[in-house]
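Inside the fold
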Amino acid sequence: MNAMVTKARSTRTPTVGFVSLGCPKATVDSERILTQLRAEGYGIVGTYNDADVVVVNTCGFIDAAVQESLEAIGEALAENGKVIVTGCLGAKGDVVREAHPKVLAVSGPHALDEVMQAVHTALPKPHDPFEDLIPPGGIKLTPRHYAYLKISEGCNHRCTFCIIPSMRGDLVSRPIGDVMREAEALVSAGVQELLVVSQDTSAYGVDVKYRPGFWNGRPLKTRMTELAGALGSLGAWVRLHYVYPYPSVDDVIPLMADGTILPYLDIPFQHASPRILKLMKRPGAVEKTLDRIQSWRAAVPDLTLRSTFIVGFPGETDAEFEELLAFLKEAQLDRVGCFKYSPVEGAAANNLPDAVPEDLKEERLERFMELQAEISAAKLDAKIGREIEVIVDEADEVGSLARSHADAPEIDGVVYLEGVFDLVPGTRLKVRVEDADEHDLWASPV
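Read on for an overview of the structure. Per-chain numbering applies: the sequence of each chain, read as written, is numbered from 1 onward. Whole-chain, interface and lining totals are the exception, using all residues; otherwise, since this is a predicted model, local features are given only for residues with pLDDT of at least 70 and side-chain atom pairs are given and counted only at 80 or more. Water and hydrogen atoms play no part in the side-chain values, which are based on all heavy atoms of the structure.

Attention now goes to the sheet that holds strand 17 (residues 399-404). A pair of strands is treated as paired once DSSP finds two or more bridges between them. Only runs of H or I of at least four residues qualify as helices and only runs of E of at least two qualify as strands under DSSP, and these elements are numbered from the N terminus. Ordered in space as 16-17-18-20-19, the 5 strands form a closed barrel in which the pairing is mixed. Each strand of the sheet is rotated relative to its neighbour by a mean of 50°, with strand direction disregarded. As defined by bridge partners, strand 16 (residues 387-395) adjoins strand 17 across 5 bridges and the pair is classed as antiparallel. Looking at the pairing, Glu-394 lines up with Leu-401 of strand 17. Here, axes are lines fitted to C-alpha atoms. For helices the fit covers the stretch in contact, and angles between N-to-C directions go from 0 to 180 degrees.

Here it is as structure tokens:
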């Protein structure tokens, strides 16, 4: 349970508990709701007993996430009794209502107004909110030194394994001026790393035909490249996530080469078989993808490529799985996640023939991850002896935990600084790598 805890200014201050589940995009939705609650004078508490009402922001992308969300709602109802549900699972209101008919209200993702209306109904708005309750960067569920910056909602793609468009709608880009003002406020509040997120970051601005907006009195095109350049001028690390492999991705490579943004690309390739990619409704020119990876690395030798893949997609043959392994060997990706195909209610892929048996999915997943572990171990071992820049996340009883340019929080590796205890989270410093395993690095300050 991600919860924000504050002290109420008086015993009459109405209080809200908050449970935030799901991906970074959902985290941003939670932060906006929490910011509005605080702006209106509600107290945010970290226990069910202290809350007058509980808001649960759900995930509904895969079956496991649906189950986790339903269990969280059930727990909140059992422990508190007054529960408002929002988020992706909320878009399937009937699922929530059937499982938990006693919830007070149900809304879909990025539904700030609906959530606040439900809160007002259950818990009347305080008459005299304190204007100084809101930090400059708003309420965040992340540590103070990094923040997710959501630049759009929805997606125009219709990948057959995905139901996000049915829950979040088509692409709607945020005005670039609004994005930049939010980023400036975050950096002014102490944020040292901006993690750019959306359903499809490289499509930013497509819906408005890249119409220019305005930031600091000058026009700025609503497009990923221009946005990345402007964000890079603020002085924080800028990390791009969820980048669809369009040709336009090539345009941000120079910004990585000159240090404007981090040399890091999160591109979900999903598979390497042209036939499977076609069934997925994903780009299928695998040879071109490999050529592009080679050209990106020629321009930015330290480029980190993160990707995700699906094994056991309906109809995937042994030969097509071998194609995927061959691609992995050739591409030499730095950070990789892999999932067994899971039927999601409402996904078009459910209707495809030749489902892969569960035990075969598991076998392929193990083989895939074993190969990637070897690749990762070799790539990290090659960093021993090098000097790299890191950002400190936290300290424990052993020392400080940090991340390099190659490590996004929570999903990638860490850099252990053993015996180093005097660094404040958010500190950026140069270290020398001394050891490595298949996931993480060990280093000492230079």
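Moving on, we get to the packing of aromatic side chains. Stacked, edge-to-face and tilted labels apply to pairs of Phe, Tyr and Trp rings (six-membered ring for Trp) whose centres lie within 6.5 Å, assigned for plane angles under 30 degrees, over 60, and everything in between, in that order. On inspection of all chains with the given rule, the structure shows 8 aromatic pairs. Measuring from ring centre to ring centre gives 5.3 Å for Phe-313 and Tyr-341, while their planes differ by 75°; the resulting arrangement is edge-to-face. With Phe-313 in the loop between strand 14 (304-311) and helix 11 (318-331) and Tyr-341 in the loop between strand 15 (335-340) and helix 12 (358-381), this residue pair connects regions lying 28 residues apart in the sequence. Like Tyr-341, Phe-313 is buried. Through a chain of ring-to-ring contacts, three or more aromatic side chains come together here, namely Phe-269, Phe-309, Phe-327 and Phe-368. Sitting over the face of the ring of Tyr-264, Arg-239 holds its NZ or CZ atom 4.5 Å from the ring centroid. Directly above the ring of Tyr-146 sits Arg-403, whose terminal nitrogen or CZ lies 5.3 Å from the centroid. For every residue, the accessible area (1.4 Å probe, protein chains only) is compared with the maximum for its type, and the residue is labelled buried under 20%, exposed over 50%, or partly exposed between those bounds. Each ring is checked for a lysine NZ or an arginine CZ that lies within 6 Å of its centre and within 35 degrees of its normal; such an atom marks a charge sitting over the ring.

Right, let's talk about unusual backbone geometry for a bit. Positive phi is not limited to glycine here, since Tyr-242 has a value of about 55°. Take Tyr-242: its relative accessible area is 24%, and that puts it in the partly exposed class. One non-glycine residue, Gln-270, lies in positive phi territory at about 75°.

To continue, consider the pairing of strand 9 (residues 193-197). Within strand 9, 5 of the 5 residues are buried, which leaves the element mostly enclosed by the surrounding structure. Of the two faces of strand 9, the one holding Glu-193, Leu-195 and Val-197 and the one holding Leu-194 and Val-196 are both buried throughout. In the sheet, strand 6 (residues 146-150) pairs with strand 9 via 5 bridges, with the strands oriented parallel. Within the sheet, the bridge partner assigned to Tyr-148 lies in strand 9 and is Leu-195. As defined by bridge partners, strand 9 adjoins strand 12 (residues 237-240) across 4 bridges and the pair is classed as parallel. Residue Glu-193 lies in a different strand from strand 12, and its bridge partner there is Trp-237.

Once that is clear, we can look at the nonpolar core. Ranked by size, the top nonpolar core spans 65 residues in total, and within it Leu-231, Phe-309, Phe-327, Leu-333 and Phe-368 carry the most contacts. Tallying contributions element by element places helix 11 first for this core, with 6 residues. Apart from the residues lying within four places of it in its own chain, the contact partners of Phe-327 are Phe-269, Ala-272, Val-286, Thr-289, Leu-290, Ile-293, Phe-309 and Leu-333. By convention a nonpolar core is built from buried Ala, Val, Leu, Ile, Met, Phe, Trp, Tyr and Cys residues, the set being connected through side-chain atoms within 4.5 Å. Whether two residues are in contact is decided by their heavy atoms, any of which lying within 4.5 Å being enough.

Between side chains of opposite charge, pairing is possible as soon as their charged atoms come close. We define a salt bridge as a side-chain nitrogen of Lys or Arg found within 4 Å of a carboxyl oxygen belonging to Asp or Glu. According to the stated counting rule, one finds 24 salt bridges in the structure shown. For Glu-182, the salt bridge identified is with Arg-174, shortest N-O distance 2.6 Å. Across the pair, Arg-174 and Glu-182 agree in class, each one buried. The residue Arg-275 makes a salt bridge to Glu-320 at a minimum N-O spacing of 2.6 Å. Of the two residues, Arg-275 is situated in helix 9 (residues 274-280) and Glu-320 in helix 11; the sequence distance between them amounts to 45 residues. What makes Arg-275 partly exposed here is its relative accessible area of 41%.

This next bit is on the environment of Ala-147. Looking at the secondary structure, you find Ala-147 in strand 6. Overall, Ala-147 belongs to the buried group, its relative accessible area being 0%. Not counting residues within four places of it along the chain, the set of residues in contact with Ala-147 comprises Thr-142, Leu-186, Val-191, Glu-193, Leu-194 and Leu-195.

The next subject is the pairing of strand 10 (residues 212-215). In strand 10, alternate side chains face the same way, and those of Gly-213 and Trp-215 are buried while those of Pro-212 and Phe-214 on the opposite face are not. Alignment of strand 10 against strand 11 (residues 218-221), held across 4 bridges, turns out to be antiparallel. Within the sheet, the bridge partner assigned to Trp-215 lies in strand 11 and is Arg-218.

Here we take up the packing of helix 11 against helix 12. Where helix 11 contacts helix 12, the two axes come as close as 10 Å, and the packing angle between them is 15°. Here helix 12 runs roughly parallel to helix 11, going by the angle between their axes. Here the hand of the crossing between helix 11 and helix 12 comes out right-handed. Judged by residue contacts, Asp-318, Phe-321, Glu-322, Leu-324, Leu-325, Leu-328 and Lys-329 of helix 11 engage Leu-360, Arg-364, Arg-367, Phe-368, Leu-371, Gln-372 and Ile-375 from helix 12. Looking at the contact of helix 11 with helix 12, its residues break down into 8 nonpolar, 1 polar and 5 charged. When an angle is under 35 degrees it counts as roughly parallel; over 145 it counts as roughly antiparallel; between 65 and 115 it counts as roughly perpendicular; any other value is oblique. In this scheme the crossing of two helices becomes right-handed for a clockwise turn of the near helix relative to the far one and left-handed for an anticlockwise turn of less than a right angle. Any residue outside Ala, Val, Leu, Ile, Met, Phe, Trp, Tyr, Cys, Pro, Asp, Glu, Lys and Arg is labelled polar, Gly included; the first ten of those are nonpolar and the last four are charged.

In this scheme, a helix's expected span is set at 1.5 Å multiplied by one less than its residue total. Counted at 1.5 Å a residue, the expected span for helix 11 with its 14 residues is 20 Å, and the 20 Å between its end C-alpha atoms agrees. Buried residues in helix 11 make contact with helix 9, helix 10 (286-299), strand 14, strand 15 and helix 12. Directly after helix 11, the chain includes Gln-332, whose backbone phi takes a positive value near 50°.

Strand order across the open sheet formed by 5 strands is 2-1-3-4-5, with parallel pairing between neighbours. A single partner strand is all that each edge strand has here, and the edge strands are strand 2 (43-45) and strand 5 (105-106). Across 5 bridges, strand 1 (residues 15-20) lies against strand 3 (residues 53-58) in parallel orientation. Each bridged residue has a counterpart across the sheet, and for Ser-20 the counterpart in strand 3 is Asn-57. Against the sheet, helix 2 (residues 63-79) contacts strand 3 and strand 4 (83-87), and its axis sits at roughly 175° relative to strand 3.

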